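Take a look at the letters that make up each chain.
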Amino acid sequence: MKSWKRTGVALVAALLLVAPMSEGAARAEQGEMARVHATGDSRAKDNQPASSLNEKGTTTLEWTATEARLIAETLIDGYGASGVQYAIRKDGEVVLSGGLGLDETGSKVPIASSVMFAIGSVSKMYVTAATMMLVDAGKVDIDAKLTEYIPDFTMADERYKQITPRMLMNHSAGLYGSHYRNSMLFADNSTENRDTLLENLRGQRLKSEPGEYSVYANDGFQLLEILVERVSGMSYSEFLATYVSRPLGLTSTKTPLDRFDRSQIYPIRLPGIEGVLPVENANVLGTGGIYSTAEEVTLFSEVLTGQRPDLLSKASALAMQKPEYRNGVWVEGSSNVFGYGLGWDSVDLAPFDAYGIQAVTKGGDTTLYHSAYIALPEKNVSIALLTAGGSSMFNTAAASNMLLTYLKEVGEISSIQPLTAFDTPVKQQMPDHLKAYAGLYGRVDATLNIAIEDSEMKLPDMLGGFIPEQSYVYTGDQAFTGEDGRTMISFDEQSNGHTYVRVRSIIEFPGIGHASIDYYELQRLEDNKLDDSTKLAWKERNGKTYYTVNEKINSLFYLSLQVLSKTIQLDEAGSYANAALITDDNHAENIVEIPVMNGRDAFDLDFYEEEGVEYLQAGGWTYISERAIMPLYKGKTSIATIPTSGHARWFHIDEGVGGRTITVDYPESSGFVIYDASGMPLHVSTISGSHTAVLPENGLIVFGGEAGDVFKITLERKE
């Protein structure tokens, strides 16, 4: 059975640089400020410093500044961040701005407000706003068919004709989710990912009825980018410069296709890799390709909250803030960090709802950078928190905490509400009908058998480990409560005929804040009867790993072998592969239809043979079977050539080769990556620029480049 931790690209990219909690964070957790953040309680009220006026007559926000600085330090000490930048804006003016990062010696130093970060999926708010600007101009109707604006948009599913721009913005179009291939590249602003999107979608079906439910889908915002270009007659980058950056006076809000000084972007260093990494290019502009600063993100917030009707009408801004997620299948009620509007991750973000304050939010993750942006439209307040390293989930919790501290300091709220204490659950007698919920469940890329015995069940960790593996006991009201006392599990039978495992939890991030989570983790899977021949074909693949061959060698995804490989895992009955329904000897189709997040980035599995080698196609990538990967030649010299297909060449590093020094002569457009036995990258030539490295025992090496490129390999003998 597959490890339950999510191995999909999305969460791997989001958490790629998250480090275990360090001693510094542990010390912070023991301190009073960590208690404040973890519980949501305010610090000793009698000791709160009063806000004072500076020479300009504006509030200095001493309390909020102190909190923000401590949170920034904690993000660096304990949550994998190497740089943090933040800004709060009120009524058009920056009232707090700061930044903290690590220099080449590892010392904490201030970061200027002009330093740029990649903002990831916060970029979706820009393409959503651009679309709504075209609505204001009478050029787009968001409830018209998408094909009216992109006539060459077709799919292998007639239902695609029902898709509208609104469905793209509220994630309900029914698209599989994301085409990530060649989207994240070092120092390369190739438009290949965007240019091939329509072609890739042409052969893909939908996973649900358009408008049936909302589940995160990056491809929808790539389609919006194309829509903006087709309707406006301008490139997307030019549209943003003309209708957003110039009118607002934004000088540091750019896309990879813009010309600007790349040294303005916050530099990234990785442990074990000497020097600064090349600039990351997120070449999915509408989905996540914008660079900006915290101050400029909050200035753009004026557009999104209706304060700049000269750019975006108040009516359009309000339309974007409506709870679109409630139009389809969704978890019922409850305080939550999820709740899609048009573009927004949530239009009623917790914990602000508990104060009677509407908060809208968008988070973002690239491979190296992470962001959170929260606005309070009725109060004309916004905050942006950008980091290098970490996770947008951390950023959102931290930004929420900073914003609550600000609201308290300026008198908008009287106190910060503490979290309810969590008690050890007391087991009750479970109704017999709940036993029927035992069985096989799945989400994209994984299946799980749930056993319910003696009013108890045990579940693996969830949300990438944020919710730990634990036992759950029945505590009444049709729900089971975890040992942590804060996580509740129930079973929902939804109107679409599916049964889901619902998860409600309060996740604490010591020293920075917490998050209220309410979502569907799993979908019940039906029996799938297969003939013996098909079962045998898939049984031979079970546990085998396949490696991507059509990703450019300068891709950031080579930093995580987990992203560029797929291990086939069958359920116990051998009828599902990675939660995809096996249909014949070589095909398995996605049947997961989970709202919110766990149904995102779905894929089918399609196997084929070419010259006796088995390949897998899934999610736009082509993979080669591990059984076709040969050992690296042990002799002193050898040659590896990229075939006419352009496919990368993978080799095992076997005994007798490990420990030897390899030197590779290769064309400028090519490169190679070396992994140790655990899959960690030890050498990435596109980063180091070095042609020489020491080979690990039982590792892997991959050569990539253009068709016909030749790699001349020299191995030094062990001394």
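Cut-offs and rules
Residues numbered from 1 in each chain as written. Predicted model: local features only at pLDDT ≥ 70, side-chain atom pairs only at ≥ 80, totals over all residues. Heavy atoms only, no water. Helix = DSSP H or I, 4+ residues; strand = E, 2+ residues; numbered from the N terminus. Expected span 1.5 Å × (residues − 1). Buried < 20%, exposed > 50% of the residue type's maximum accessible area, 1.4 Å probe, protein only. Pairing = 2+ DSSP bridges. Axes fitted to C-alpha atoms, helices over the stretch in contact; angles between N-to-C directions. Parallel < 35°, antiparallel > 145°, perpendicular 65-115°, else oblique. Left-handed = near helix turned anticlockwise from the far one by under 90°. Contact = heavy atoms within 4.5 Å. Nonpolar A, V, L, I, M, F, W, Y, C, P; charged D, E, K, R; others polar. Salt bridge = Lys/Arg side-chain N within 4 Å of Asp/Glu carboxyl O. Lys, Arg positive; Asp, Glu negative; His and termini not counted. Polar contact = N/O pair within 3.5 Å; in protein donor to acceptor, adjacent residues only side chain to side chain.

Bringing helix H5 (residues 124–136) into the picture now. Here H5 spans 18 Å end to end across 13 residues, near enough to the 18 Å set by a 1.5 Å rise per residue. Where burial is concerned, most of H5 is hidden: eleven out of the 13 residues are buried. The set of residues buried in H5 consists of Lys124, Met125, Tyr126, Val127, Thr128, Ala129, Ala130, Thr131, Met132, Met133 and Leu134. Among the residues trailing H5, Gly138 stands out with phi positive, at a value near 75°.

If you walk across this open sheet you meet the five strands as E27-E29-E34-E31-E32, and the pairing is mixed. Each edge of the open sheet is held by one strand with a lone partner, namely strand E27 (630–631) and strand E32 (681–684). Relative to strand E29 (residues 649–653), E27 is paired through two bridges, and the arrangement is parallel. In the sheet register, Met630 faces E29, and the bridge partner there is Phe651.

Contact geometry for helix H4 (residues 62–78) and helix H14 (residues 392–409): axes closest at 8 Å, N-to-C directions at 165°. The angle between H4 and H14 falls in the class roughly antiparallel. Seen along the crossing, H4 lies across H14 with a hand that is right-handed. Mapping the contact onto sequence places Glu62, Trp63, Thr64, Glu67, Ala68, Ile71 and Leu75 in H4 and Phe394, Ala398, Asn401, Met402, Thr405, Tyr406 and Glu409 in H14. Its residues assigned to classes, the contact of H4 with H14 comprises eight nonpolar, three polar and three charged.

The next subject is unusual backbone geometry. Cis geometry marks the peptide bond from Ala350 to Pro351, where omega comes out at 10°. Residue position: Pro351 is located in the loop between helix H13 (314–320) and strand E8 (360–365).

Turning to the pattern of salt bridges, a few remarks are in order. For the structure shown, the criterion picks out 31 salt bridges. Here Arg308 ties to Asp310 by a salt bridge, and the two come within 2.7 Å at their closest N and O atoms. The exposure class assigned to Asp310 is exposed, which follows from its relative accessible area of 54%. Its salt-bridge partner being Asp445, residue Lys566 comes within 3.8 Å of it at the nearest N-O pair. You can see Lys566 sitting in strand E20 (residues 565–567) and its partner Asp445 sitting in the loop between strand E11 (439–443) and strand E12 (446–450), a full 121 residues away along the chain. Note on accessibility: Lys566 and Asp445 belong to one class, buried. Shared partners join several salt bridges into a network, and the residues in it are Arg194, Asp195, Glu225 and Glu229.

A word on the side chain of Lys124. Inspection of the secondary structure assignment puts Lys124 in helix H5. Buried within the structure, Lys124 lacks any salt-bridge partner; its nearest side chain of opposite charge belongs to Asp345, at an N-O separation of 7.2 Å. In terms of polar contacts, Lys124 uses its side chain to reach the side chain of Ser121, at 2.8 Å. Side-chain polar atoms of Lys124 contact the backbone oxygen of Thr287, separated by 3.1 Å. Setting aside residues up to four positions removed in sequence, Lys124 forms contacts with Tyr216, Asn218, Phe221, Gly286, Thr287 and Lys362.

Counted residue by residue, strand E1 (residues 83–90) has seven buried out of eight residues, so it is predominantly covered. Pairing analysis gives eight bridges linking E1 to strand E2 (residues 93–102), with the strands arranged antiparallel. What sits directly across from Arg89, in E2, is Val94. Hairpin connection from E1 to E2: two residues lie between these consecutive antiparallel strands, with Asp91 at a positive phi of about 50°. Across eight bridges, the pairing between E1 and strand E10 (residues 381–388) is antiparallel.

For the rest of this paragraph, the subject is the packing of H5 against helix H12 (residues 294–304). Interaxial distance between H5 and H12 falls to 11 Å at its minimum, and their mutual angle equals 30°. The hand of the H5/H12 crossing is left-handed. Here Met125, Tyr126, Ala129 and Met133 of H5 come into contact with H12, specifically with Val297, Phe300, Val303 and Leu304. A per-class count over the contact of H5 with H12 returns eight nonpolar, no polar and no charged.

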